[in-house]
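Chain by chain, the residues run as shown.
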Amino acid sequence: MDMRSVLKTGACAAVLAMAAGGALAQEKVLRWSSQGDAFSMDPYVRNESLTLGVMSNVYEGLTRRDTKTLEIQPGLAIKWEQQEPTRWRFWLRQGVKFHDGRPFTADDVVFSFNRVKVGASDLKTRVAGIKEAKKVDDFTVDFITDVPNPIIHYEWDTWYILSASWAKENHALETVDVTKTTPNFASTSANGTGAYLLTYREADVRTEFAVNPAWWDAEGKKKFNVTKVIYRPIKNPATAVAALLSGQIDVVEPVPVQDIDRINKSGQAKVQIGPELRTIFLGMDTDRNELVYSDVKGKNPFKDKRVRQAFYQAIDIEAIKTKIMRGLSVPSAMMIGDGVNGYDKSIKRLAYDPAAAKKLLTDAGYPNGFSVTLDCPNDRYVNDEAICQAVVGMLARIGVKVTLNAQSKTIIFPFYAAKRDTSFYMLGWTPGSVDSWNVLYNIVGSVKKDSQGRIVRGLFNYGAWSSPQLDDLTDKILVETDKAKRDAMISQAWKLHIDDIGHLPLHQQALAWGVRNNVSVVVSPFNRYDWSRVMVK
Amino acid sequence: MVAQRLNAILDSDLWWSFTRSKVVVGAAIVTLLLFVAALIAPWISLQDPWDPGALQLINSRNPPVWIEGGTWEFPLGTDNQGRDMYSAILYGLRVSLVVGFLAVIFAMVLGILLGLASGYLGGMTDTVIMRVADVQLTFPAILIALLIGGIVRGVMTPADFEAVAVYVLVLSIGLSQWVQFARTVRGQTLVEKNKEYVQAARVIGLPARLIMLRHVLPNVMGPVLVIATINLAVAILTEATLSFLGVGVPATRPSLGTLIQIGNGFLFSGEWWIVIFPGITMAILVLAVNLLGDWLRDALNPKLR
């Protein structure tokens, strides 16, 4: 199928012609590469940094976050206010146009609200707990919530606004999962308000974007000079590095940690390193009475805190940092990293102490250890499989025989979710809201289902560790408006989790982007690709 | 008796053509050495690379002994988990050879039986077996191996799979290779079955099973041995490929292919020994086996005598 269908819209072509013949005589092309492709052009299809990051250049949310500081700024809304405990009002920006020339109004916001809640949308959590979006006038929208919610807009920078009339005309009223059914118009084309417009799409091969000359943000326009972006997924990191050094690609993300030196010494490119807010951790099934993947029958060793602590203290996180991550990780005592609201740097990790770990295991009744399977992705996080293998070795030294099940993210993540029966697993998580509540609710909250049997709380808490007290606090944290009180509750909640060793936090990995010398980029702690902050010489 | 046998061998054309070529003798010696090394690996290795508890992360990515920073503790350096490369290669060689041999034997037995039945019985049996073979030939061997491995992996728990991973590889590689044997045996059988000695055997009333195994089979074994030797090299490479792709043996029990895959990620960063040593070992092994196979084919070909 010819993906150039986007170009068919006459307005788009006209805009391009203007750009080509106008002041922008010199074309500045940015060639960007990452390990995977955006899942689809539909911005609701997957709650994943890469897809959301690529699409953030085409679509915009009501709010946006600064790429570097993550501070919330006005986006398509110019201001907002919690006018009643359960009613938020958003005033929209006037004079904004979608890429094909349609004006942006409150109807588009209401439509996007309804669209993100249905179909194969993976971003339903963005509007969870919101009863309705009410159009007040053309540029004012009210959101009615079930309970008071002071952080309603914290993740709205990645809830993008689509044009209602465009979606209707092209029969793209719902998000479709392209792995299960035929793509619809919105899966292969895009019509946003952002700095770039989609000009060419060939899934898994090449996607091209051109600058949007009609972008509303006059200040933002000064921060970049790119006129065209070519996005190419390159699966093998070594190939991507070779392409970077030979000048076929301008930016490569991620750079394998072992290649950083070589790139820096090449004189062609530099590696920009930044902290990422993603915390890598191990989880254990603490819920079942008998583990599914273990030789212990009739009981669950992970229910015993001593066993969890033994695992914790058997892991030599400093060796993982120096030897596997080559210094590019920050060992973490918490499930959140520095920068996320609720982080407390006074909390220290339990010491690495295999002897103590062995004793704890003996006290718990496993002097000869036991066997368990560790599930682990092998192409998602920096050196994920190598970390898991190292953990297998470290646990072997306290007598625990770990079988490693390391597989591609396309197999292992669906496996986590399908039966939720993993006994021991690795996962990484970035709280999109830069706030603890997100993690307390999704990662460590007790698994709770709604009336239709869909999991709401603890969706990614695959080991189902549970603390009703923490859940209670989480609910209060959501509705508390007083910052000091809220922070105190967050710290109380984390204390509960850390004292009980609910999960085993490992580290925050560092981001490493390989950038050619003639290009300057801003590395985002969300690992979001912001092409409106790129200068090409 | 033994001396007589030995004399018969030393007198044979095969032995004569074997000793005539230095390359073939060299290949045979190399193959033998690698076999023995794999066989006695636990006694000549410096570490048990399959015991995760014996690996120290702190020793990872050490260079070989002749480079600054290398020690005699790890003569060929270590990989990213602190595995001694020398020991890991010996153990990896075991996996490669065990999988290679068992897979070829499995494929050979299956192929011979089906080929004999197909050629000797003819008719419906022949049609069914050969059409199945035709269909299978349309798939690349690696795809069949991937398919079988994937299915088994899907129905078993990881811990169970780890225990039988080697046999799954044998099964999947073996199943992808039987067609060649079957076709060759069938062709030869078709030729042999109309010869007088077979007809004589039939006349005295021997059952078909006995005629096939006692009379036809010994006369079709020549080409089968050639295919078996060449397929041994192919099977070893297929195992390495599958392990390289991450669907072979478990990562905690690396074969040569797994080691090459691990090392591949470090090739650009200067830690070349992780990929080069297993790579060279693999190349030497496959080359030696291939040379033997080539020689055997020529030696057994009456037209070249």
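This text follows the structure it describes.
## Let's talk about the overall build of chain B
Scanning chain B for helices and strands turns up 13 helices and zero strands. Listed N to C, the secondary structure of chain B is α-α-α-α-α-α-α-α-α-α-α-α-α in terms of helices and strands. In terms of overall dimensions, chain B has a C-alpha envelope of 75 × 50 × 35 Å along the principal axes. Every one of the 305 residues in chain B was classed for burial, and the buried ones make up 47%. Looking at chain B as shown, the accessible area adds up to about 15,000 Å², and 68% of this sits on carbon and sulfur atoms. Each charge class in chain B was averaged separately, 19 positive and 18 negative side chains, and the resulting centres sit 14 Å apart.

## Some remarks on the overall build of chain A
When you go through chain A residue by residue, the secondary structure sums to 16 helices and 21 strands. Its C-alpha atoms give chain A a radius of gyration of 24 Å, within 12% of the compact-globule value 24 Å for 537 residues. Expressed as lengths along the three principal axes of its C-alpha atoms, the size of chain A is roughly 75 × 60 × 45 Å. Out of the 537 residues belonging to chain A, those deemed buried represent 59%.

## Structural notes on the sheet that holds strand S6 (residues 130-137) of chain A
All names here are of chain A. In spatial order, the strands read S4-S5-S7-S6; together these four strands make up an open sheet with antiparallel pairing. Each of the sheet's edge strands pairs with one partner strand only, and the pair in question is strand S4 (77-84) and S6. Across the sheet, the mean angle separating the axes of adjacent strands is 20° when strand polarity is ignored. The pairing of strand S5 (residues 87-92) with strand S7 (residues 140-145) spans five bridges and is antiparallel.

## What about the interface of chain B and chain A?
The partner chain A presents 29 residues to the 24 residues of chain B that form the contact. Interface of chain B and chain A: buried area, both sides summed, is about 2,200 Å²; carbon and sulfur atoms make up 54% of it. Of all residues in chain B, the largest losses of buried area upon contact with chain A belong to Leu57, Pro158 and Phe268 of chain B, amounting jointly to 28% of the total for that side. The tally of links from chain B across to chain A stands at two salt bridges. The shortest N-O distance in the salt bridge between Glu271 of chain B and Arg326 of chain A comes to 3.0 Å. Our count for the chain B to chain A interface comes out at nine residue pairs in polar contact (both at pLDDT 80 or more).

## Section: helix H10 (residues 317-324) of chain A
All names here are of chain A. Considered for burial, the residues of H10 that qualify are Ile317, Ala319, Ile320, Lys323 and Ile324. Angularly, the buried residues of H10 cover 155° about the axis, an arc narrow enough to put them on a single face. Check the buried side of H10 and you find it contacts strand S13 (329-331), helix H12 (384-396) and strand S19 (504-516). Where H10 terminates, the next one or two residues include Arg326, which has phi positive at roughly 50°.

Conventions used here
- Residues numbered from 1 in each chain as written.
- Chains lettered and ligands numbered in written order.
- Predicted model: local features only at pLDDT ≥ 70, side-chain atom pairs only at ≥ 80, totals over all residues.
- Heavy atoms only, no water.
- Helix = DSSP H or I, 4+ residues; strand = E, 2+ residues; numbered from the N terminus.
- Buried < 20%, exposed > 50% of the residue type's maximum accessible area, 1.4 Å probe, protein only.
- Areas by Shrake-Rupley, 256 points an atom, 1.4 Å probe, with all protein chains shown as cover.
- Lys, Arg positive; Asp, Glu negative; His and termini not counted.
- Charge placed at Lys NZ, Arg CZ, Asp CG, Glu CD.
- Rg over C-alpha atoms; globule rule 2.2 N^0.38 Å.
- Pairing = 2+ DSSP bridges.
- Axes fitted to C-alpha atoms, helices over the stretch in contact; angles between N-to-C directions.
- Contact = heavy atoms within 4.5 Å.
- Buried area = accessible area lost by both parts, 1.4 Å probe.
- Salt bridge = Lys/Arg side-chain N within 4 Å of Asp/Glu carboxyl O.
- Polar contact = N/O pair within 3.5 Å; in protein donor to acceptor, adjacent residues only side chain to side chain.
- Arc of directions from axis to C-beta.

Read these as geometric descriptors, not functional statements.
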